[in-house]
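What follows is each chain in one-letter form.
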Amino acid sequence: MPTAHAALDALVAGLQARERWAAQDLHARMFERVRNLVWRLLGADQDHHDVVNQVFLNVLGAIGTLRDPAALEGWVLAITCNTVRREIRGRRYRRLLFKPFAAADEPVCEMRPGASELLRGFYAAAQRLATEERLVFLLHYVDGQTLAEVAQVCGCSLATAKRRLARARTSFMKRCKDYPGLRAAIGELRDEN
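Residues numbered from 1 in each chain as written. Predicted model: local features only at pLDDT ≥ 70, side-chain atom pairs only at ≥ 80, totals over all residues. Heavy atoms only, no water.

**Q** Please set out the nonpolar core residue by residue, giving values where relevant.
**A** One finds L72 and F172 to be the most contacted residues of the largest nonpolar core, which totals 50 residues. Listed by contribution, the elements that provide at least two residues to this core are α1 (4-16), α2 (20-42), α3 (48-62), α4 (72-97), α5 (115-127), α6 (131-141), α7 (147-154) and α8 (158-175). (Core = buried A, V, L, I, M, F, W, Y, C linked by side-chain atoms within 4.5 Å. Buried < 20%, exposed > 50% of the residue type's maximum accessible area, 1.4 Å probe, protein only. Helix = DSSP H or I, 4+ residues; strand = E, 2+ residues; numbered from the N terminus.)

As structure tokens, this is what we get:
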């Protein structure tokens, strides 16, 4: 019976050889994690599925650069973060050229009364953060990653991740005043990690 490490070696070798089974296996292993991370970083977004698909295209395009098969999951999450970063930055430029679509009035899923307004307010406040700060903030507070994990996924030092998180937290709490009930609902954000 092959070990988990041997299975990862075979998977990465299959991906690098452009084997269909390997791409399907990677998708099956990582789809839920990638989809959830994209949702946490972008919120309920009309382009969510396109961004998730772009992540897997980026992974397959860059698989030749992966040297340690044991690092596959973290590497895929870093590519997910970078893909979302490019999407956020690209939207700024597209807004200059095109009129944005109206946001959907209905929540994506069934929620408690008032929760959809709080969620919209949360992501509206988060969208006003600088891109790098937004990613660190959402990875830590929404996805629940430790600061060390956030630093690894974002490709920065732990000290940089801490500075970005502190700036994002301060800026986010100031922006909460624009969304009634949001600050009371979330309380004071603390950094336990």
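**Q** Let's hear about α2: which residues, and what values?
**A** Approximately 55 degrees is the largest bend angle found in α2, and it occurs at M30. Of all the residues in α2, the buried ones are A22, L26, M30, V34, L37, V38, L41 and L42. (Bend = angle between axes of the 7 residues up to and from the residue.)

**Q** Hey, could you go over the packing of aromatic side chains for me, with residue numbers and the actual values?
**A** Within the structure shown, the criterion is met by 6 aromatic pairs. Centroid distance W39 to Y123: 5.8 Å. Interplanar angle 80 degrees. Geometry classified as edge-to-face. In this pair, W39 sits in helix α2 while Y123 sits in helix α5, placing the two residues 84 residues apart along the sequence. Its relative accessible area of 28% is what places W39 among the partly exposed residues. In this structure Y123 comes out as buried when scored by relative accessible area, which is 7%. Grouping aromatic residues by their ring pairs yields a cluster made of W39, F122, Y123, F137, Y141 and F172. (Phe/Tyr/Trp six-rings, centres within 6.5 Å; stacked < 30°, edge-to-face > 60°.)

**Q** A description of the packing of α2 against α6 should follow, citing residues and the corresponding values.
**A** Where α2 meets α6, the axes come as close as 9 Å, and the angle between the chain directions of the two elements is 120 degrees. Taken together, the axes of α2 and α6 lie oblique to each other. Regarding α2 and α6, the two cross each other, and that crossing is right-handed. Contacts from L37, R40, L41 and L42 of α2 reach α6 at R134, L135, L138 and L139. (Axes fitted to C-alpha atoms, helices over the stretch in contact; angles between N-to-C directions. Parallel < 35°, antiparallel > 145°, perpendicular 65-115°, else oblique. Left-handed = near helix turned anticlockwise from the far one by under 90°. Contact = heavy atoms within 4.5 Å.)

**Q** A description of the side chain of E132 should follow, citing residues and the corresponding values.
**A** Along the chain, E132 turns up in helix α6. A relative accessible area of 18% means that E132 is categorised as buried. Leave out the neighbours within four places in its chain, and E132 touches R85, R89 and R164.

**Q** For the pattern of salt bridges, give the residues involved together with the corresponding values.
**A** Taken as a whole, this structure holds 7 salt bridges when the rule is applied. Residues E132 and R164 are paired through a salt bridge, measuring 3.5 Å at the closest nitrogen-oxygen approach. Remark: R164 occurs in helix α8 and E132 occurs in helix α6; sequence separation between them is 32 residues. Across this residue pair, the class does not change: E132 and R164 are buried. Beyond isolated ion pairs, a larger network of salt bridges with shared partners links R33, R40 and D143. (Salt bridge = Lys/Arg side-chain N within 4 Å of Asp/Glu carboxyl O.)

**Q** If you had to explain the packing of α6 against α7 to someone new, which residues and values would you point to?
**A** Viewed as axis vectors pointing N to C, α6 and α7 meet at an angle of 135 degrees, and their least axial separation amounts to 10 Å. It follows from the interaxial angle that α6 and α7 lie oblique. Handedness of the α6/α7 crossing: right-handed. In this structure, α6 uses L135, V136, L139 and H140 to contact α7, whose residues at the interface are L147, V150, V153 and C154. Looking at the contact of α6 with α7, its residues break down into 7 nonpolar, 1 polar and no charged. (Nonpolar A, V, L, I, M, F, W, Y, C, P; charged D, E, K, R; others polar.)

**Q** How would you explain the confidence of the model for the protein if you had to name every residue and give the values?
**A** Confidence in the prediction of the protein, expressed as mean pLDDT, is 82, and 81% of residues score 70 or more. Overall, residues 100-109 carries pLDDT values under 50, and its contacts beyond four positions in sequence, including any with other chains, amount to 7 contacts. (pLDDT = per-residue confidence, 0-100.)

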